[in-house]
Amino acid sequence: MAHIKVVRRSMRPEEYTDLRFGWLKRYIYEDKTEITSFLIREARQTAEMQFEFYDDEPRTLYRGDMYFTPDGTAFIEADAEIPEKYNGREIRFQLKTAAEMIVKINGKYAGGIDPNRDSLIISPFLDGKKVHIEITAYNRSKPDDERNPESLSVRGCRQIFEGGYFAVVNEDVQSMVYDCELLLNIAKSDAFNEDYRSLINRELDKAFNFIDFDNFNTDDVKKASEHIEKNIFANKSYKGNGKVALVAHSHLDIAYYWRRIHAVQKNLRTVLIQLRLMDKYPDFKYTHTQAYTYETVEKYYPEVFSELKEKIKAGQFEPVGAMYIEPDCNIPSAESLIRQCLYGQKFYREKFGITVDTCWLPDVFGNSWILPQILKKSGVKYFISNKMSTWNDTNRFPHNNFIWKGIDGTEIYACVPPTHFITWNMPDQIQENWDAFLGRV
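Reference entry: report on the structure contained in this document. (Residues numbered from 1 in each chain as written. Predicted model: local features only at pLDDT ≥ 70, side-chain atom pairs only at ≥ 80, totals over all residues. Heavy atoms only, no water.)

Membership of the largest hydrophobic core comes to 41 residues, with the highest contact counts inside it found for Tyr294, Val304, Leu308, Phe317, Leu371, Leu375 and Phe383. Residue assignment for this core shows that the elements contributing at least two residues are helix H5 (263–280), helix H6 (291–300), helix H7 (302–313), helix H8 (334–352), helix H9 (371–377) and strand E19 (411–415). In terms of residues, this core owes the most to one element, H5, which gives seven residues. With near-sequence residues (within four places) excluded, Leu308 lies in contact with Val271, Leu275, Tyr294 and Phe317. Formed by 31 residues, the second largest nonpolar core is a distinct cluster that contains Tyr67, Ile105, Ile133 and Ile135. (Core = buried A, V, L, I, M, F, W, Y, C linked by side-chain atoms within 4.5 Å. Buried < 20%, exposed > 50% of the residue type's maximum accessible area, 1.4 Å probe, protein only. Helix = DSSP H or I, 4+ residues; strand = E, 2+ residues; numbered from the N terminus. Contact = heavy atoms within 4.5 Å.)

If you want it as structure tokens, here you go:
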């Protein structure tokens, strides 16, 4: 028998921290109760809000069943009761999926579930113990969003149903998980000072030493979080030397790896997620483009549109874009671009009483020289577009903030950030964007 050399080595502290971080995330949900009464009816969407069903009647959906079809829609519902043990707690509905789901609780739109979020708070929509759950879900045929490794186990054109649950979150664990996600991102990025990264690795190792994972209890987590606060966040030696303005936004293609008819539900789910964040965090603000997306909410979901109007009036939800959709700006004629502004601004003025002053075109492959004149005459003061800087593979776009002079001499304030329009605000992204920004003061 041939000799097989076995290499043994001890685990580095950074690796042990990663391992324990994975253990910690197992305790985010303090308790879960499975809902076993799900029914499902699957369909193919044929037009906006029109569906061709595969079955005449719903079938029972059990944990472990296959569900969804490529580019398919599923209508799922269940009736259940909240367990007594959750009295006085903030209750969530939890379902792990790589699809995109709109969730109604007791007839009210409660929010969305997708590859980046597996639960939503349902307490505000409860009236007693009985709960009626309705889900409209879309599963696109292109492989699912792979940015979140937590949902990779359920991705695919068909998925395995892992069950739906009532759940309560351990807020102390969730808070520490959020802190560790940020700090581990810094510790693993070359964009940050090496001494700072060493400090983070050292103090996170010490923090996790407070937690006995063989006899897990929340008091240990509190001690670990206190250590992180005292020895990392309160450390003044590595404070930043600038300010970064963050704009909350969801880039929504009307058609991309899905058809235009699917954008109605994709948009609603996006809007609902922001509305629920605003309910929980009143200081949260978000910006959303394209008059067409607002128009579909008004047409198909009038109760959500009424709520949306209130958030706009309160200054939490900001319409931007000025145009009806985000159009290509190379091929269309001047008349086409003018009508984009005409129809967009007409909708914003009639429905919200505002004239949108920002043209928001992050994903276009170039912009026509006639735009400054058209935008200025349409009430627009500012222009934003990303792709010229983030997708150039030869010449770096030379400016970030500048005055753009059009073919007739009309001037408009312009911003071409050196950043991609799709980010998830991790520290390494923010630092890299800061380093790439030209002309910062």
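Once you've had a look at it, read on.
Peptide bonds are, in most cases, trans, and in most cases residues other than glycine have a negative phi. Non-glycine residue Met49 carries a positive phi angle of around 60°. As for its placement among the helices and strands, Met49 is situated in the loop between strand E2 (39–47) and strand E3 (50–53). The residue Gln290 is not glycine, and still its phi comes out positive at about 75°. Relative to the assigned elements, Gln290 resides in the loop between strand E14 (286–289) and H6.

Structurally, Trp369 can be placed in the loop between strand E16 (358–360) and H9. Judged by its relative accessible area of 49%, Trp369 is partly exposed. Linking Trp369 and Ser333, residues 36 residues apart in sequence, is a C-alpha distance of 12 Å. Sequence-distant contacts of Trp369, defined by excluding residues within four places in its chain, comprise Trp404, Lys405, Gly406 and Ile407.

What follows concerns the side chain of Lys311. The residue Lys311 is located in helix H7 in this model. On the basis of relative accessibility, which here comes to 12%, the residue Lys311 falls in the buried class. Each residue touching Lys311, except ones within four places of it in the same chain, is listed here: Leu275, Met278, Asp279, Gln316 and Phe317.

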